[in-house]
2 protein chains.
Amino acid sequence: MTYEEALKKLKDTGNIISMPRMTILKYVLEHKTHHTAESIYETLKKEYPSISIATVYNTLKLFAKIGIVKQLMIDESKVYYDSNIYPHFHLKCTVCGKIYDVSPPICRELEGLKDIEGHIVNDAHVYFYGVCSDCRKNMTTGGEDT
Amino acid sequence: MTYEEALKKLKDTGNIISMPRMTILKYVLEHKTHHTAESIYETLKKEYPSISIATVYNTLKLFAKIGIVKQLMIDESKVYYDSNIYPHFHLKCTVCGKIYDVSPPICRELEGLKDIEGHIVNDAHVYFYGVCSDCRKNMTTGGEDT
DNA sequence: ATGGATGCAAATCTTTTGCACGGAA
DNA sequence: TTCCGTGCAAAAGATTTGCATCCAT
């Protein structure tokens with residue numbers, strides 16, 4: 001989604017275009033990784049010292065509600081936000097903690113599921129847990145010299 | 001998993017078999033739905049007034065670590081625990097909030113995924129969000145009489 | 001006997017909310 | 001002008017932790 005499309009969506013859903021909203025929107029669209037409200041707050045504070053953590057939380061929640069970003073519940077203790085709304089899934093490395101975008105072929109099948117056992121499906125969240133290619137490499141290297 | 005198998009797993013992983021652990025284990029194995037630490041605590045307190053909420057949290061976390069139960073991060077604010085470790089997924093109704101077990105055919109394919117784009121996959125969590133068959137029915141009924 | 005587990009309370013962490021003020025439509 | 005949004009601080013909720021005591025091995 002582009003900045004302009006997102007602004008339009010904000011307007012169309014009856015929301016005001018404010019300075020914090022523009023700033024947060026611009027930031028997440030230009031940094032398509034996985035952010036927490038806290039990390040966004042810490043980054044933006046440098047150029048926008050008056051911004052409030054509460055506004056960041058509320059804004060991200062609003063963005064999620066109107067479909068500008070997606071919430072990731074991949075971590076048991078905090079919510080991550082992803083501005084990449086193109087269908088893809090996530091893998092969290094249980095060694096280093098990094099979150100990766102992944103798009104296995106099965107992705108498309110899941111996206112197509114609209115009904116399961118009589119329930120309407122509107123959204124599917126898929127989270128993989130394992131060992132990322134980097135950590136995998138290090139494990140191998142570590143085991144060699146004994 | 002049976003009670004006996006779970007006890008064996010506790011022993012094999014070097015953990016003590018204590019009263020709270022036996023009580024919580026028995027409870028979750030006999031009630032294969034989706035519990036929070038809080039809900040288990042509230043229930044068990046009646047027959048076991050001295051049990052502590054901290055113990056419930058710690059015990060469930062231990063059970064999850066050794067594979068006796070699975071953590072569900074289907075809700076953005078709290079963790080649910082599931083003692084049904086047989087491969088299946090979950091659907092949360094965004095109308096009534098209920099969590100359902102579902103087993104679409106795609107389930108098996110996902111369980112078989114061991115490698116994605118070079119990353120090792122050890123576990124896959126799939127959460128569906130939508131409208132359950134009950135709420136779906138009520139919506140239809142509600143719309144008819146106008 | 002002895003080290004890990006429990007129970008309590010306090011602490012921590014994430015997220016939300018109340019309220020007076022300020023800014024967008 | 002008129003709400004809605006913001007910023008601050010305080011509150012709320014979930015989960016963890018410190019510590020003295022207790023209990024399983």
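Look up a bit, the structure's there.
Residues numbered from 1 in each chain as written. Chains lettered and ligands numbered in written order. Predicted model: local features only at pLDDT ≥ 70, side-chain atom pairs only at ≥ 80, totals over all residues. Heavy atoms only, no water.

### As for the interface of chain A and chain B
Cut-off, in case you're wondering: By definition, residues are in contact when any of their heavy atoms lie within 4.5 Å. As a working definition, buried area equals the accessible area (1.4 Å probe) given up by two parts on being put together, with both sides summed. Just to be clear on terms, a salt bridge is a Lys or Arg side-chain nitrogen sitting within 4 Å of an Asp or Glu carboxyl oxygen. N or O atoms within 3.5 Å of each other form a polar contact, as long as, within protein, one can give a hydrogen and the other can take it, and as long as residues adjacent in sequence are counted only when both atoms are side-chain atoms. Counting from the N terminus, the helices are DSSP H or I runs at least four residues long and the strands are E runs at least two residues long. In this classification, Asp, Glu, Lys and Arg are treated as charged, Ala, Val, Leu, Ile, Met, Phe, Trp, Tyr, Cys and Pro as nonpolar, and every other residue, Gly included, as polar. The pairing criterion is simple: DSSP has to find at least two bridges between the two strands.
Counting from both sides, the interface comprises 37 residues of chain A and, opposite them, 37 residues of chain B. On the chain A side of the interface with chain B, the three residues burying the most area are Glu76(A), His119(A) and Tyr129(A), jointly 19% of the side's total. Here Asp115(A) makes a salt bridge to Arg136(B), at a shortest N to O gap of 3.0 Å. Viewed at the interface, chain B and chain A are joined by 18 residue pairs in polar contact (both at pLDDT 80 or more). Breaking the side of chain A that touches chain B down by element, the ones donating at least two residues are β5 (99-102), α5 (106-112), β6 (115-116), β7 (119-131) and α6 (133-144) of chain A. By residue number, the principal contributor to the side of chain A that touches chain B is β7(A), which donates 13 residues. Looking at side-chain class alone, the side of chain A that touches chain B contains 20 nonpolar, 8 polar and 9 charged residues. Sheet topology places β7(A) next to strand β7 (residues 119-131) of chain B; 11 bridges connect them, and they run antiparallel. Its bridge partner lying in β7(B), Tyr127(A) is registered against His125(B).

### Section: the relation of the copies chain A and chain B
Condition: Superposing the copies works by least squares over the C-alpha atoms of residues that have pLDDT at least 70 in both of them.
With an axial shift of 0.0 Å and an RMSD of 0.1 Å, the rotation relating chain A to chain B amounts to 180°. What we have between these two chains is a two-fold relation. It is Val126(A) whose C-alpha, among those of chain A, lies nearest the rotation axis, at 2.3 Å.

### Re the protein's contact with DNA strand C
What counts is decided by this rule: Any residue with at least one heavy atom within 4 Å of a molecule or strand is counted as near it.
Around DNA strand C sit 20 residues in total, of which Tyr57(A), Lys61(A), Val79(A), Ser18(B) and Pro20(B) are the nearest. Each atom of DNA strand C within 4 Å of the protein was classed as base or backbone; sugar and phosphate made up 82%. Between a phosphate oxygen of DNA strand C and a side-chain N or O atom of Tyr57(A), the distance comes to 2.8 Å. Between DNA strand C and Arg21(B) there is a distance of 3.1 Å, counted from a phosphate oxygen to a side-chain nitrogen or oxygen. For the surface near DNA strand C, the elements supplying multiple residues, two or more each, are α4 (53-65) of chain A together with α2 (19-30) and α4 (53-65) of chain B. Of all the elements, α4(A) adds the most residues to the surface near DNA strand C, at 4 residues.

### Some details on the packing of aromatic side chains
Formally: A pair of Phe, Tyr and Trp rings is counted when the ring centres sit within 6.5 Å of each other, with Trp represented by its six-membered ring. The angle between the planes then sorts it: under 30 degrees is stacked, over 60 is edge-to-face, the rest tilted. A simple rule labels every residue: compare its accessible area, found with a 1.4 Å probe on the protein chains alone, to the largest value its type can have, and call it buried under 20%, exposed over 50%, or partly exposed in between.
Taken as a whole and assessed by the stated rule, the structure comprises 1 aromatic pair over all chains. Where Tyr127(A) meets Tyr127(B), the ring centres are 6.0 Å apart and the plane angle is 50°; that geometry is what we call tilted. One end of the pair, Tyr127(A), is in strand β7; the other, Tyr127(B), is in strand β7, on a second chain. Comparing Tyr127(A) with Tyr127(B) shows no difference in burial state: the two are buried.

### Here we look at the protein's contact with DNA strand D
In the vicinity of DNA strand D lie 20 residues, with Ser18(A), Pro20(A), Tyr57(B), Lys61(B) and Val79(B) positioned nearest. Counting only atoms of DNA strand D within 4 Å of the protein, the sugar-phosphate share comes to 82%. Contact between DNA strand D and Tyr48(A): a phosphate oxygen at 3.4 Å from a side-chain N or O atom of the residue. Lys78(B) is positioned such that a nitrogen or oxygen atom in its side chain is 3.4 Å from a phosphate oxygen of DNA strand D. Where the surface near DNA strand D is concerned, the elements lending two or more residues are α2 (19-30) and α4 of chain A together with α4 of chain B. Split by residue class, the surface near DNA strand D holds 10 nonpolar, 7 polar and 3 charged.

By themselves, these observations are geometric and do not establish any function.
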